Amino acid sequence: MVEWSSGREKGKKKVSFLGFLKPKKEKRPPVSGQDRGILVFENTSEVIRAESLLKAEGWKIRVMGPPPEIRSGCDLVIEFPLIEKLRILRTLNKAKIQPKEIVPVIHPLLQPVDLFQIKDFGRYLMVRAANMKLTVEKDTRTIVNVSGGGCPDVPYLAKEMVGKTLSESPVPRDIGHTLCGYALQLAFEETTRICCL
Amino acid sequence: MSVIVDASGLSCPQPVILTLNKINELKKGEIKVLVDTDTSKENVSRAAESQGWKVTDIQSNLTGYEITIRK
């Protein structure tokens, strides 16, 4: 009786010709310059939710300004590794977040407006991010002022945060739903970082 | 007797900071804060209340608002 060889060596995995060419798949590849996509959402609230969710799942994503050719949706997009498109969409769908558009990156993206301006008023420190300002008393890290923007949730954010320390205060991203809330989140994070130095 | 803090024409957060500095200096009493925008009016009122002071009066005039706070 002849034992047919199946082409495999005993105890070894079958290696196809294409196996050598297949790129090694990493679990959470960083966003590179060649294989990025962008998720466009209807409003900033969805961007904020999607960003929180995807970062919590370990994906390396970035929130950026939309390219000129994208005219729909809000003023922020999420850049993601294109190879992870299906898995990312599954994650978003489970949370009932539906991107308006999903497109590969083919033009340079606008940089997000996240430049910080920091002003020291002696006893108080102000951090400005985009259109939002956060001022804290340095000794106690108590938030004394929240202002800027023109979004409808700014008074609410101010009411919830003023008078509380940075650690007591709710995180703007958790209670805000607008671009102002997002900008305030940036200011909050930067203020926290500075105060912890 | 009221102490006056003139914060009119100043951009945020200076009205709040001037008010808080005066609050910290006086500890109690009455302060009249002059501001010229709705935003400053809201911010100063909020900041004062967070320090345990009460906004007892807000007068509107041609140049803005006079906010009276007391403790």
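In this text, all values refer to a predicted model and were calculated from it rather than measured experimentally. (Residues numbered from 1 in each chain as written. Chains lettered and ligands numbered in written order. Predicted model: local features only at pLDDT ≥ 70, side-chain atom pairs only at ≥ 80, totals over all residues.)

**Focus on the interface of chain A and chain B**
- Contacts between the two partners involve 13 residues from chain A, matched on the other side by eleven residues from chain B.
- Of all elements in the fold, only β6 (124-129), β7 (132-137), β8 (142-148) and α3 (154-161) of chain A reach the threshold of two or more residues within the side of chain A that touches chain B.
- Looking at the side of chain A that touches chain B residue by residue, the class counts come to seven nonpolar, four polar and two charged. (Contact = placed C-beta atoms within 7 Å. Helix = DSSP H or I, 4+ residues; strand = E, 2+ residues; numbered from the N terminus. Nonpolar A, V, L, I, M, F, W, Y, C, P; charged D, E, K, R; others polar.)

**Some remarks on the sheet that holds strand β2 (residues 62-64) of chain A**
All names here are of chain A.
- Here we have four strands laid out as an open sheet, ordered β2-β3-β1-β4, and antiparallel in their pairing. If you trace the sheet from one side to the other, it starts and ends with β2 and β4 (101-104), each paired once. Sheet twist, expressed as the average angle between the axes of neighbouring strands with direction ignored, equals 30°.
- Bridge analysis of β2 against strand β3 (residues 77-81) gives three bridges, and the strand direction is antiparallel. Looking at β3, one finds that Arg-62 is bridged to Glu-79.
- Packed onto the sheet, helix α1 (residues 44-56) meets β1 (36-40), β2 and β3 and runs at close to 30° relative to β3. (Pairing = 2+ DSSP bridges. Axes fitted to C-alpha atoms, helices over the stretch in contact; angles between N-to-C directions.)

**Considerations on helix α5 (residues 179-195) of chain A**
Residue and element names in this part refer to chain A.
- Taking 1.5 Å of rise per residue, the 17 residues of α5 would be expected to cover 24 Å, and the 24 Å separating its terminal C-alpha atoms lies within 8% of that figure.
- Of the positions making up α5, those classed as buried are Leu-179, Cys-180, Gly-181, Tyr-182, Ala-183, Leu-184, Gln-185, Leu-186, Ala-187, Phe-188 and Thr-191.
- Looking at the buried positions of α5, the neighbouring elements they touch are α1, β6, β7, β8, α3 and α4 (172-175). (Expected span 1.5 Å × (residues − 1). Buried ≥ 20, exposed ≤ 12 C-beta atoms within 10 Å, placed from the backbone.)

**Points about the pairing of strand β4 (residues 65-70) of chain B**
Residues and elements named next belong to chain B.
- Only one face of β4 is covered, namely the one carrying Tyr-65, Ile-67 and Ile-69; the face carrying Glu-66, Thr-68 and Arg-70 has none of its residues buried.
- As judged from the six bridges shared by strand β3 (residues 54-60) and β4, these two strands associate in the antiparallel manner. Each bridged residue has a counterpart across the sheet, and for Lys-54 the counterpart in β4 is Arg-70.

**Notes on helix α2 (residues 38-50) of chain B**
- For α2 of chain B, spanning 13 residues, the distance from its first C-alpha to its last is 18 Å, which sits close to the expected 18 Å at 1.5 Å a residue.
- Among the residues of α2 of chain B, Ser-40, Lys-41, Asn-43, Val-44, Ser-45, Arg-46, Ala-47 and Ala-48 of chain B are the ones counted as buried.
- Where the residues of α2 of chain B are buried, they touch β8 and α3 of chain A together with α1 (14-26), β2 (30-35), β3 and β4 of chain B.
- Just past α2 of chain B, the residue Gly-52 of chain B takes up positive phi, approximately 90°.

**With respect to the environment of Pro-104 of chain A**
Residues and elements named next belong to chain A.
- Following the sequence through the fold, Pro-104 ends up in strand β4.
- Residue class for Pro-104 comes out exposed when judged on the 10 C-beta atoms lying within 10 Å of it.
- Placed 25 residues apart in sequence, Pro-104 and Glu-79 show a C-alpha to C-alpha distance of 9.2 Å.

**Some remarks on the confidence of the model for chain B**
All names here are of chain B.
- Summarising the model, chain B shows a mean pLDDT of 94, and 100% of its residues fall at 70 or more.
- At the low end of the mean pLDDT range in chain B sits α2, at 93; at the high end sits β2, at 97.
- Both confidence scores are given for the complex: pTM 0.63, ipTM 0.84. (pLDDT = per-residue confidence, 0-100.)

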